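Fold and contact review
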Amino acid sequence: MQKKTKDLAIKKRSRVPGVMITQFVERLPAGKSAPDFSRKPMTTNVQEGKKAFFKAMVSGEPPPAVTWTRNKGEMDDQEKYSTRYDKRAQEHVLEIVNVKLEQADNYKCFATNEYGQAVCAVTLNVVEGFKKKPQNGTKSTRKKQLPQQKEGEIDPKLLELLLSAPKKDYERICLEFGITDFRWFLKKLKQIKKEREDEQSKVVENLDNIKQIEVKPSGRAEFSFDMKLRDPNSEVNLYKDGTSIPYDDDKNSKHSLQKTGINYLFSIKDPQREDAGFYQVDVEETNVLTTDFQVPDVEFVAKIKNSKVTENEDAVFQCVLSTPLNKITWSKEDASLEHGGKYEITISEDKLTHTLRIKDCQMADKGAYYAIAGITSSSASLNAVIARDPKRKFNVDMPQMKALNFESPPSFIIPLKRRTAPEGYECYMSCAVKGDPGPRVTWYHNNISLNTNTNYHITNVCGVCSLLILRVAPKDNGEYKVIIENKLGSAESSITLNVRGKL
């Protein structure tokens, strides 16, 4: 067990995130130091009945003694818990033999010498082992505990997603978790990624070409990766929100796996809102991929339209959404398109208008293009034609056009929807309107006009009217109303905003 701290307890910052150091003396003698971790133990997922290992590297002079505890029980039984020091690797090791479900817990590692103590916490997640197959051929379901966020710490789900994502997606993923500046924990992420890769290397020779989950024009949600297993007989398990999902190689099944060489393609047929969740792929008990399938409540207010351009001209597809999104998927036939080079993808400031520009169109660019938001899609075709000889001239007699009257009173295509927002976060409200002449739009908060209030960001793009509150505060509680007017009439829509306390 760890030594008792002395009356003097000075808190020190460790160079390793998540480690707490307490120094017992005000001044350290020359050549002496309080303990610290040079590498802390990592959260481990292990199947019931197998071994679990926690490994730590510590520093300090004199060399500290290392001890372990757990939150929910004792660790005196040496047949269940054994500790040792690996001199070659300079690691202190806790080995848990024949892991049981009840041993899933938060564990602590203490490094102590006469000048201080360092401590860090780590979690053991235990996955229920497979039972014998029932006679009817159905598979038993196993679960694994999803990482839980602790107060004052980064959401572990965010870390799991970043470990499987390319660097270009870091900013977008962090924004979805409400983090605008992620540079401060990149060092910690790099350390965790190295340790995760060390674990993966025990079961996988190579893991590459990871593509996050997205809905394809075919209507299926897919994610894929290239993986070479060390043991071809290793189990590859799929989890959604911590619960195992049965799958087979039949594309007509709800969940399927198509394996071609070293490429693994997981797909979900006809995805619905209930299919949204946190998906993970494990080889045996080692996680190799994590992806988050989100199904936002969104519709197309303005869909993309067919485009016809002359060779070497640019083609533009544009859509307008009912709900702000940081990103949608653009595809040509069944291939996703990325920003850069041939394609320029832009998003309006209010995140409602999404645009794809295809530069210098050639005949090979002809075909069907798709804008996919959540599980909703819009498609249009691009037709590139050969430029005519400018020397050839011809006249076309155009029929005389009759004036048509399309005037209509204002109305809501999509009304405002009820909102609940946590204090300190952004809050969007939006609605879609129509009318001819285009209606004048006025926003109200508790019957006070907001159109000239600089604390609110108000936009009206292609009939999609939005209001953005950058940092929600208790004063923003109350009724919000939109009134639309033209010479033929008026209409209104209102909601109530409830502001929750800080998360």
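Owing to the predicted nature of the structure, the values given are computational and were not obtained by experimental measurement. Numbering of residues begins from 1 in every chain and follows the order in which that chain's sequence is written. Totals for whole chains, interfaces and linings use every residue, but because this is a predicted model, local features are given only for residues with pLDDT of at least 70 and side-chain atom pairs only at 80 or more, for both listing and counting. As a rule here, side-chain values cover all heavy atoms of the structure and leave hydrogens and water aside.

1. Concerning the pattern of salt bridges
- Only one rule defines a salt bridge in this text: a Lys or Arg side-chain nitrogen within 4 Å of an Asp or Glu carboxyl oxygen. Counted under the stated rule, the structure contains 21 salt bridges.
- With its nearest N and O atoms 3.0 Å apart, the salt bridge here joins lysine 216 to glutamate 214. No difference in accessibility class separates lysine 216 from glutamate 214, as the two residues are buried. Throughout this description, buried means an accessible area under 20% of the type-specific maximum (1.4 Å probe, protein chains only), exposed means over 50%, and partly exposed covers the range between.

2. Comments concerning the confidence of the model for the chain
- pLDDT measures the predictor's confidence residue by residue and takes values from 0 up to 100. Looking at the chain, the pLDDT average stands at 84 and 88% of residues meet or exceed 70.
- The contact definition used throughout considers only heavy atoms, calling two residues in contact when any of these lie within 4.5 Å. Taken as a whole, residues 130-140 scores under 50 in pLDDT and shows 9 contacts with residues more than four places along the chain or in a different chain.

3. Some words on the side chain of glutamine 117
- By definition, any uninterrupted DSSP run of H or I lasting at least four residues is a helix, any uninterrupted run of E lasting at least two residues is a strand, and each is numbered from the N terminus. Position of glutamine 117 among the secondary structure elements: in strand β10 (residues 116-127).
- Pairs of N or O atoms are called polar contacts if they sit within 3.5 Å, as long as, within protein, a hydrogen donor faces a hydrogen acceptor (for residues adjacent in sequence, only side-chain-to-side-chain pairs). Within the structure, glutamine 117 has its side chain in polar contact with the side chain of threonine 112 (distance 3.2 Å).

4. Looking at the sheet that holds strand β7 (residues 81-86)
- DSSP calls a pair of strands paired once it identifies at least 2 bridges connecting them. Strands sit in the order β3-β5-β8-β7 across an open sheet of 4 strands; the sheet is antiparallel. Because the sheet does not close on itself, it has two edges, and the strands there are β3 (33-39) and β7. Looking at each pair of strands side by side, their axes are set apart by 30° on average, direction ignored. All axes here are fitted lines through C-alpha atoms, helices being fitted over the stretch that makes contact, and every angle between N-to-C directions spans 0 to 180 degrees.

5. Side note on the pairing of strand β25 (residues 353-358)
- The element β25 is extensively covered by neighbouring structure, given that 5 of its 6 residues are classed as buried.
- As paired elements, strand β21 (residues 315-321) and β25 share 6 bridges and run antiparallel to each other. When the sheet's bridge partners are listed, cysteine 319 is paired in β25 with histidine 354.
- Two strands pair when backbone bridges link them, and strand β24 (residues 343-347) and β25 are joined in this way by 5 bridges, in the antiparallel orientation. Considered in β25, the bridge of glutamate 344 is made with arginine 357.
- Counting the residues between successive antiparallel strands, the hairpin from β24 to β25 contains 5 residues, one of them, lysine 351, with a positive phi of roughly 65°.

6. Side note on helix α3 (residues 186-200)
- Here, expected helix span is obtained from the residue count minus one, scaled by 1.5 Å. The end-to-end C-alpha distance of α3, which contains 15 residues, comes to 20 Å, matching closely the 21 Å that a straight helix rising 1.5 Å per residue would cover.
- Turning to α3, its buried residues are Lys188, Leu189, Ile192, Glu195, Arg196 and Gln200. In an axial view of α3, the angular spread of the buried residues amounts to 145°, which keeps them on one side of the axis. Facing away from the buried side of α3 by more than 90 degrees, the exposed set consists of Lys187 and Lys190. The arc refers to the directions leading from the helix axis to the C-beta atoms.

7. Things to note about the nonpolar core
- Each nonpolar core is a collection of buried residues, namely Ala, Val, Leu, Ile, Met, Phe, Trp, Tyr and Cys, held together in the definition by side-chain atoms within 4.5 Å. Membership of the largest hydrophobic core comes to 26 residues, with the highest contact counts inside it found for Phe37, Phe54, Trp68, Leu94, Ile96, Tyr107 and Leu124.
- No other element matches β10, which puts 5 residues into this core.
- When near neighbours in sequence (up to four residues on either side) are disregarded, phenylalanine 37 contacts Val16, Val19, Ala56, Met57, Val58, Cys109, Ala111, Ala118, Val119 and Cys120.

8. Remarks on a negative patch on the surface
- Together, Glu74, Asp76, Asp77 and Glu79 line one region of the surface with negative charge.
- Judged by relative accessible area, which is 35%, aspartate 77 ranks as partly exposed. Like-charged residues are merged into a patch within 9 Å and nonpolar side chains (Val, Leu, Ile, Met, Phe, Trp, Tyr) within 5 Å, provided each residue has over 30% relative accessible area and no salt bridge. Only the protein chains shown count as covering a residue, and every accessible area follows the Shrake-Rupley method with a 1.4 Å probe. Only four residue types enter the charge count: Lys and Arg as positive, Asp and Glu as negative, with His and the chain ends excluded. To locate a charge, take atom NZ for lysine, CZ for arginine, CG for aspartate or CD for glutamate.

9. Looking at unusual backbone geometry
- At the junction of glutamate 61 and proline 62, the peptide bond is cis and its omega measures out at 5° in the coordinates.
- Relative to the assigned elements, proline 62 resides in the loop between β5 (52-61) and β6 (65-70).
- Here the amide bond leading from aspartate 436 into proline 437 is cis, since omega sits at 5°, within 30 degrees of zero.
- Position of proline 437 relative to the elements: it lies in the loop between β30 (427-436) and β31 (440-445).
- Within the chain, glutamine 90 stands out as a residue other than glycine whose phi angle is a positive 55°.
- A relative accessible area of 49% means that glutamine 90 is categorised as partly exposed.
- Residues other than glycine seldom take positive phi values, yet asparagine 312 does so here, at roughly 75°.
- Within the secondary structure, asparagine 312 sits in the loop between β20 (307-310) and β21.

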